[in-house]
Amino acid sequence: MRRRPIPLVVVLAALLTGTAVASSLAHSTNPTFVVAGSNAESTALYCAGLTDAKGAAPGHVAFENTSDQSRSLAVRVSSDANTSWSGSIVLAGHARTLLSPSTLVKGHNFGVAAQISGTGVIGEIVTNDRRATLPCLGAGQQSWYATGFDTRVGSAAQLNILNPTATPAVFSVSTYASTGFAAPAPFQGLSVAPHGEVTVNLGDQIVNTANIGVRVNVLRGALAITGVEATNGTTSLVSGSPAPTTTTWFSSVTTVNHATAQVLLANPHDSSTSVTVKVALAHFSVAPQTLQLAPFATGVVTITPNPAIAPDAYAMLNVSSSQGVVADLAVGDGAYQQLSAPEVPVRSFTVEDFNGRGFDATRVTNTGDRPAKLLVTWIRLAATSSGSSSSPSVTTTLAPGATLSLSTLFPTPLAWNDGRLVVSTKRAVLVAGLTLPTKPAGALVVEPLDGR
């Protein structure tokens, strides 16, 4: 039986009963940013992208304490209407709570910042339709890239931007498209008040255009940025990338019949760039797919449907280029399209079902040039058992470039409403590929959380 989300009334009661309502965070010191697992005094989470019910991404933020000790969260909710709410939450060890920004402040778009007394707390943005989720950030960003945004009729694209610091921030937005580079004057030198939240509607300046690449250059401060795309009723929460890269991986890309999958690319350089996409399937060999990107232009490599690529469940993609490019994945069923950013190779990640749907694909790829010894642990949630407990850990070795389905490591199907998976190795070589259950398979992709 799936665990139901905590009702909003319970959440608000938890905020007001047994916890002290904090004074405004506007004059507090900035959070200390640390690596998870260190003995830090405080950590932070920043969650941008949610909207009100009239917007593309109404929903909530789920906070969970993965440690054994209680944690205190000083929370600030900000909106694009220049309103805010501040309060405190105390989370017991292995407990979870939900926060719905639109019920606490007026506005259309929201950002949430939490300063935490210690480590081990994770945060996840979840839309009400349970079709899009995104992990909260642990630090602000000074550079942000993404591509694949669409402002044609039936679609809308915006950037949801939170300033988590106590000082004003300044940023500029430039774009890449089939027509080339653009830096619209209204998108230059934009400011965000301390602890403020603003949105940039790409369609205000880049009209009726598909596959728009975006660069946000933070001139002062650090920002939490989420791209929000709405296409034919489907919302995408795009985490973006800090910089263009010459190598990118997508671990779970659908190739099944009736699904669509494309690698959307943007070239931020003033010279042409060669792109190669290697496609690894379990039962077929596929010739590399290639594309020449013009300067400051965008392009598409179609994976599904593609007569050169057999329909064979999930593929692992390795995207390489002659100079750094921006690459995002677009998947769907032909009627809608969802965007997701590539995963950066990490030493550890967590797979947890925050939206109650479970997973179809739970895959991991070793992007390194040496075998990687994986430790995979199933941790039961306190809400569904008498305290958090771990099953015997599974260890396995993953060859260079190989991909493994994590669900095959366990003799019985994982009950995602009852626990989470933590996957780790010694080097930052792991890329996860997670999809939600859909028909056709693989039409919704979600990101893992940091390993805890």
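Residues numbered from 1 in each chain as written. Predicted model: local features only at pLDDT ≥ 70, side-chain atom pairs only at ≥ 80, totals over all residues. Heavy atoms only, no water.

Student: Please clarify how the packing of aromatic side chains should be interpreted in this entry.
Tutor: Pairs of aromatic rings are described using the distance from one ring centre to the other and the angle between the two planes. As enumerated under the stated definition, the model contains 5 aromatic pairs in all. A centroid spacing of 6.3 Å and a plane angle of 5 degrees characterise the contact between Y176 and F296, whose relative ring orientation is stacked. Here F296 lies in the loop between β21 (289–293) and β22 (298–304) and Y176 lies in strand β11 (residues 169–177), a separation of 120 residues in the sequence. Seen from their ring centres, F181 and F296 are 5.4 Å apart, and the 50 degrees between their planes marks the pair as tilted. Here the residue F181 occupies a position in strand β12 (residues 180–182), and F296 occupies one in the loop between β21 and β22, the gap between them amounting to 115 residues. Judged by relative accessible area, which is 26%, F296 ranks as partly exposed. In textbook terms, an aromatic cluster arises when at least three aromatic residues are bridged by ring pairs, as seen for Y176, F181 and F296. (Phe/Tyr/Trp six-rings, centres within 6.5 Å; stacked < 30°, edge-to-face > 60°. Helix = DSSP H or I, 4+ residues; strand = E, 2+ residues; numbered from the N terminus. Buried < 20%, exposed > 50% of the residue type's maximum accessible area, 1.4 Å probe, protein only.)

Student: For this particular structure, what's the right way to read the pattern of salt bridges?
Tutor: Side chains that carry opposite charge are capable of pairing whenever their charged atoms lie near each other. Across all of its chains, the model carries 4 salt bridges by this definition. Here R96 makes a salt bridge to E64, at a shortest N to O gap of 2.9 Å. Of this pair, R96 sits in strand β5 (residues 96–99) while E64 is found in strand β2 (residues 59–65), placing the two residues 32 residues apart along the sequence. A salt bridge links E352 to R96; the shortest N-O distance between them is 2.5 Å. Placement of the pair is E352 in strand β25 (residues 348–352) and R96 in strand β5, with a sequence separation of 256 residues. Each member of the pair E352 and R96 is classed as buried. (Salt bridge = Lys/Arg side-chain N within 4 Å of Asp/Glu carboxyl O.)

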